[in-house]
Amino acid sequence: MEGESCSNYYECPVVRAYEEGKIDGEWIRMYCERNWRECARFQLDEIFSYSTDFVLPDGSVEDRLSR
Ligand code: SF4
């Protein structure tokens, strides 16, 4: 539902990376807590049941997300 956090919030490597101080909290505020439908990760997961650890919500790649 609109206004709620992404259903992947508690499992997502992007959120984990934010909690570990690796990426800016703006990603979380912009996507995970608001526009998660627009998130490239969310869409990949929905459409292809596929997720990569290093894709940010806008579809760009962040190496620091890889484990
Ligand atoms: S990065 Fe995307 S898939 Fe992950 S929690 Fe945020 S909105 Fe959901």
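A count of helical and extended segments in the protein chain gives three helices and zero strands. For the protein chain, the N- to C-terminal ordering of α and β elements is α-α-α. Per-residue burial over the protein chain gives 22% buried out of 67 residues.

Let's shift gears to the environment of Gln43. Considering the arrangement of structural elements, one finds Gln43 in helix α3 (residues 40-48). For Gln43, a count of 14 C-beta atoms within 10 Å corresponds to the partly exposed category.

It is worth spelling out the site of the ligand at this point. Taken together, 13 residues lie around the ligand, and Cys6, Cys12, Val14, Cys32 and Cys39 are the ones closest in. Looking at the shell around the ligand, its residues break down into eleven nonpolar, one polar and one charged.

Moving on: the nonpolar core. Counting twelve residues, the largest nonpolar core is built from Cys6, Cys12, Val14, Val15, Ala17, Ile28, Tyr31, Cys32, Trp36, Cys39, Phe42 and Leu65. When contributions to this core are tallied by element, the ones reaching two or more residues are α1 (13-19) and α2 (25-32). Every residue in contact with Cys39, bar those within four places of it in the chain, is listed here: Cys6, Tyr31 and Pro57.

The next point concerns α2. An α-helical segment advances 3.6 residues per turn. Residues three or four places apart therefore align on the same side. Every buried residue of α2 is listed here: Ile28, Tyr31 and Cys32. One face of α2 carries all of its buried residues, which in axial projection span an arc of 95°. In α2, the exposed residues that point more than 90 degrees away from the buried face are Gly25, Glu26 and Arg29. On its buried side, α2 packs onto α1.

This paragraph deals with the environment of Asp53. Here Asp53 lies in the segment after α3. Along the backbone, Asp53 and Pro13 are 40 residues apart, and their C-alpha atoms lie at a distance of 6.1 Å.

Our next topic: the confidence of the model for the protein chain. Residues with a pLDDT of 70 or more make up 90% of the protein chain, whose mean pLDDT is 87. When the elements of the protein chain are averaged for pLDDT, α3 gives the smallest value, 85, and α2 the largest, 97.

A few words on the environment of Tyr31. With respect to the secondary-structure elements, Tyr31 resides in helix α2. In contact with Tyr31, not counting residues within four places along its chain, are Trp36, Glu38, Cys39 and Pro57.

What counts as what
- Residues numbered from 1 in each chain as written.
- Predicted model: local features only at pLDDT ≥ 70, side-chain atom pairs only at ≥ 80, totals over all residues.
- Helix = DSSP H or I, 4+ residues; strand = E, 2+ residues; numbered from the N terminus.
- Buried ≥ 20, exposed ≤ 12 C-beta atoms within 10 Å, placed from the backbone.
- Near = placed C-beta within 6 Å.
- Nonpolar A, V, L, I, M, F, W, Y, C, P; charged D, E, K, R; others polar.
- Core = buried A, V, L, I, M, F, W, Y, C linked by C-beta atoms within 7 Å.
- Contact = placed C-beta atoms within 7 Å.
- Arc of directions from axis to C-beta.
- pLDDT = per-residue confidence, 0-100.

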